[in-house]
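Letter by letter, the chains look like this.
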Amino acid sequence: MSPLCDSCVENINNLNQQVSVMRKEIKNLREMLASAIRAHRKHMTSIQSAVSNIKLCEPDEDQTTSPPPSLTSPQAALEQGSIQTVPIGYISSCFSVKNGTPRQPTVCGPSRAELRIQQSVFNNPEHALVGLEQYSHVWIIFLFHKNGHLSYKAKVKPPRLNGQRVGVYSTRSPHRPNVLGLTLAKLDKIVGDTVHLSDIDMIAGTPVLDIKPYIPEYDSPQTRMVLDSESCDSNKDQLHSTAVSLNETTGKLKLDEDSETDPQSGLKTARTDKEDDLGTLLSREKSEVDVPVSDSRVGAQFALPKVLQSVLEEVKTFVTQGEVCQLSCASEDQVLESPKTKPQESTSDRLCYGEEAYSTIAGWIREPPVGSLDVRFTPNAERELAEFLPAHLSGGPSDSNRPRFKFLQGPEEAAAAIRGVLSADPRSVYRRTRCRDRLFYFTLDTVDITCWFGRGFAEVLQVRPC
């Protein structure tokens, strides 16, 4: 490649300088626009407050505008959908800044956090946590309190889509009309009024609005389908056992009829105690039929009541029709029908959801255009990371100068956390595609990490205490 001439180099430098100036101007315009939006919102709030005060002073006039939520009762504000949130506590996390914080809770398993319930919400905060230790995971509802100018758009560019636009409600973008966040965290333990969590994606200082236990039977469609299948199997077994017991009862009644004979008349008679037991559940026929005696053998045919016979026929038909519940769960092709009766809809049919119980998600979630990265450590970074002491270990006098973790349990867990963060590529689409600087900095617990990104990998260069 031939070297560039002086004029070409000068032109390139001029273009780069112009681009830099344009970027600065665009940044200034954005800041001016954000400042104007904030000023506009402030002025609108003051105008609305003044108008509301005028309306309150003149109650006889027709009120064309409703007062702001601050001037209405809490119940009226709640009915209008306006509430004033009160955080129950604030997150103390191993992530102190947004840069490098995982975008999803399961990206970095060793990530830990603590949530202490404020006494201003409950006089005895530990009482509100009684029973929560019986669950392994909890839903955390929080606020994205570091969203900057609170700007949001109808379409966003998720980092995993590498610049493609989708609707904001089809993503978990923090930039939304209402800055509510939801994460599924692992519950490690509860000590007094403090909840210890892991597998989190929240930074330190995050306001938490609510905690709810995670219940797979309600929150996971797959788990619900398995339970329904087991319910179908149990119902099927119960129908089999019921049919067998009814058949045994019928056979026993017929056997008793055949075995009991009146010694005086020579006629076989049915036992009244059997009929009385059945009569408590079914209406029996009270008419008795006398059958004439044959030559050498006396016979009498006493049939079961008609209601009981019809019930037995329906049960036998239902069981021998191929088990409707099993067929609906296994999606078989044919169901055998009896010529006399048709299968009736049962409760087990309604409980088995079949394929509808499976949940579906967008294809780019499982197969995103951006793949996972291979994470490496330089020998220098490994040595620096090994100098850190675990959070629970009390070192001796010789370890007084060594750095210490606050949440992580040791260098191995810290290395796993770093791999989790970097393998998901925490860079934005702009930094990934247009920024020439390959260096990346983020903080994890008490560690400042320096790394750089190559083609398909990320390498940790330096690990220093904060």
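Residues numbered from 1 in each chain as written. Predicted model: local features only at pLDDT ≥ 70, side-chain atom pairs only at ≥ 80, totals over all residues. Heavy atoms only, no water.

The test is simple: UniProt positions are given in the numbering used here, feature names are shortened, and annotations may be inferred rather than shown by experiment.
Looking up the protein in an unreviewed UniProt entry gives the name tRNA (adenine(37)-N6)-methyltransferase, with the organism given as Labrus bergylta. We quote the UniProt Catalytic activity (unreviewed entry) comment for the protein here in full: "N(6)-L-threonylcarbamoyladenosine(37) in tRNA + S-adenosyl-L-methionine = N(6)-methyl,N(6)-L-threonylcarbamoyladenosine(37) in tRNA + S-adenosyl-L-homocysteine + H(+)". Taken verbatim from the UniProt record of the protein, the Sequence similarities (unreviewed entry) comment is "Belongs to the tRNA methyltransferase O family."

Some thoughts on the pattern of salt bridges
Quick note on the threshold: We define a salt bridge as a contact between a side-chain nitrogen of Lys or Arg and a carboxyl oxygen of Asp or Glu at a distance within 4 Å.
Tallied over the entire structure, the rule returns 10 salt bridges. Salt bridges sharing partners connect three or more residues here, namely Arg112, Lys186, Asp188 and Glu413.

Points about the confidence of the model for the protein
Detailed conclusions should not be drawn from predicted coordinates in areas where pLDDT is low. Let me state the cut-off plainly: You can read pLDDT as the predictor saying how much it trusts each residue, on a scale of 0 to 100. We call two residues in contact whenever any of their non-hydrogen atoms come within 4.5 Å of each other.
Averaged over every residue, the pLDDT of the protein is 76; residues scoring 70 or more account for 66%. A low-confidence stretch, residues 253–303 stays under pLDDT 50, and its non-local contacts, those more than four residues away or across chains, total 44 contacts. Note that pLDDT drops below 50 for residues 322–357; the model gives that stretch 47 contacts with residues more than four away or on any other chain.

Some words on the sheet that holds strand β8 (residues 207–213)
To keep things clear, this is the line we draw: Any two strands with at least two DSSP bridges between them are considered paired. For the purposes of this entry, the term helix denotes a DSSP run of H or I that reaches at least four residues, the term strand denotes a run of E that reaches at least two, and both are numbered from the N terminus. Between N-to-C directions, angles cover 0 to 180 degrees, with each direction set by a line fitted to C-alpha atoms, over the stretch in contact for helices.
With respect to topology, 6 strands assemble into a closed barrel ordered β1-β2-β7-β6-β3-β8, the strand pairing being antiparallel. Shown here is a sheet whose adjacent strand axes are inclined to one another by a mean of 45°, direction ignored. Of the strand pairs in this sheet, strand β1 (residues 89–93) and strand β2 (residues 112–117) are connected by 5 bridges, and their pairing is antiparallel. Bridged to Ser93 within β2 is Ala113.

A word on the UniProt feature "coiled-coil region" (unreviewed entry) in the protein
In the UniProt entry, the feature "coiled-coil region" (unreviewed entry) is given for residues 12–39. Taken end to end, residues 12–39 has its terminal C-alpha atoms 41 Å apart, with 100% of it in helix and 0% in strand.

Some thoughts on the environment of Val179
Within the secondary structure layout, Val179 lies in the loop between β5 (166–167) and β6 (180–191). In this structure, the C-alpha to C-alpha distance between Val179 and Phe142, residues 37 residues apart in sequence, is 8.5 Å. Excluding residues within four positions of it along the chain, Val179 makes contact with Phe142, Leu143, Phe144, Asn147, Leu150 and Pro174.

What about the nonpolar core?
What counts is decided by this rule: What makes a nonpolar core is a set of buried Ala, Val, Leu, Ile, Met, Phe, Trp, Tyr and Cys residues whose side-chain atoms join them at distances within 4.5 Å. We call a residue buried when its accessible area falls under 20% of the maximum for its residue type, exposed when it is over 50%, and partly exposed in between, using a 1.4 Å probe and counting protein chains only. Residue ranges assigned to the domains are those given by an automatic or database domain assignment.
In terms of nonpolar packing, the biggest core is built from 47 residues, with Ile140, Leu422, Phe442 and Leu444 touching the most fellow members. A per-element tally of this core places helix α11 (residues 411–423) first, with 6 residues. A domain split of this core shows at least three residues from each of domain 1 (89–216) and domain 2 (368–465). Those residues in contact with Leu444 that lie beyond four places of it in its chain are Cys94, Phe95, Leu408, Ala414, Ala417, Ile418 and Ile449.

Re the pairing of strand β9 (residues 374–377)
Look at any regular strand and the pattern is simple: side chains alternate between the two faces of the sheet. Burial along β9 is one-sided: Val375 and Phe377 are buried, while Asp374 and Arg376, pointing the other way, are not. Pairing of β9 with strand β12 (residues 457–465), which is carried by 4 bridges, proceeds in the parallel orientation. By the bridge assignment for β12, Asp374 is matched with Phe457.

A few points about a nonpolar patch on the surface
Defined as follows: Surface patches are defined over residues having more than 30% relative accessible area and no salt bridge, joining like charges when they lie within 9 Å and nonpolar side chains (Val, Leu, Ile, Met, Phe, Trp, Tyr) when within 5 Å. Here the accessible surface of atoms and residues is derived via Shrake-Rupley with a 1.4 Å probe, and residues count as covered only by protein chains that are part of the display.
A grouping of Leu4, Val9 and Ile12 is seen on the molecular surface, where their side chains present a nonpolar patch of about 230 Å² in accessible area. When its relative accessible area of 39% is taken as the criterion, Ile12 is described as partly exposed.

Topic: α11
Worth spelling out the cut-off: By this rule, a helix spans an expected 1.5 Å times one less than how many residues it contains.
Helix length check: α11, at 13 residues, gives a terminal C-alpha distance of 18 Å against a target of 18 Å (1.5 Å per residue), a fit within 8%. When we look at burial in α11, the residues that qualify are Pro411, Glu413, Ala414, Ala415, Ala417, Ile418, Gly420, Val421 and Leu422. Buried-residue contacts for α11 involve β2, β9, α10 (379–386), β10 (439–444), β11 (447–453) and β12. Residue Asp425 follows α11 closely and has a positive phi angle near 55°.

Brief notes about α10
To be explicit about the condition: The arc refers to the directions leading from the helix axis to the C-beta atoms.
Within α10 the residues assigned to the buried category are Ala381, Glu384 and Leu385. In a view along the axis of α10, the buried residues occupy a sector of 100°, so they form one face of it. Turned more than 90 degrees off the buried face of α10, the exposed positions are Pro379 and Arg383. Against β9, α11 and β12 lie the buried residues of α10.

Points about the sheet that holds β12
Spatial ordering of the open sheet is given by β9-β12-β11-β10, a layout of 4 strands whose pairing is mixed. Every interior strand has two partners, whereas the edge strands, β9 and β10, have only one. Averaged over neighbouring strand pairs, the angle between their axes works out to 30° when direction is ignored. α10 contacts β9 and β12 of the sheet and is inclined by roughly 40° relative to β12.

Observations concerning the pairing of β12
With 7 bridges connecting them, β11 and β12 associate as antiparallel partners. Bridge pairing links Trp452 to Glu459 in β12. A loop of 3 residues connects β11 with β12, the two strands running antiparallel in sequence, and Gly456 in this loop sits at a positive phi of about 85°.

Digging into the packing of aromatic side chains
We describe a pair of aromatic rings using the distance from one ring centre to the other and the angle between the two ring planes. Rules: The criterion for an aromatic pair is that two Phe, Tyr or Trp rings (for Trp, the six-membered ring) have centres within 6.5 Å, with stacked assigned to planes under 30 degrees apart, edge-to-face to planes over 60 apart and tilted to the rest. By the criterion adopted, a ring carries a charge over it if an Arg CZ or a Lys NZ lies within 6 Å of its centre and within 35 degrees of its normal.
Counted by the stated rule, this structure contains 6 aromatic pairs. Look at Phe440 and Phe442: their rings are 6.0 Å apart centre to centre, the planes differ by 40°, and that puts the pair in the tilted class. Ring plane angle 90° and centroid distance 5.3 Å describe the contact between Trp452 and Phe457, whose orientation is recorded as edge-to-face. Taking relative accessible area as the criterion, Trp452 reaches 29% and is therefore assigned partly exposed. When the ring centre of Phe457 is taken as origin, the NZ or CZ atom of Arg376, which lies over that ring, is 4.0 Å away. Above the face of the Phe453 ring, Arg427 is positioned so that its terminal group lies 4.0 Å from the ring centre.

Concerning the environment of Ser220
Note that Ser220 resides in the loop between α3 (216–219) and α4 (221–259). Judged by its relative accessible area of 14%, Ser220 falls in the buried class. The residues contacting Ser220, other than those within four sequence positions of it, are Tyr214 and Ile215.

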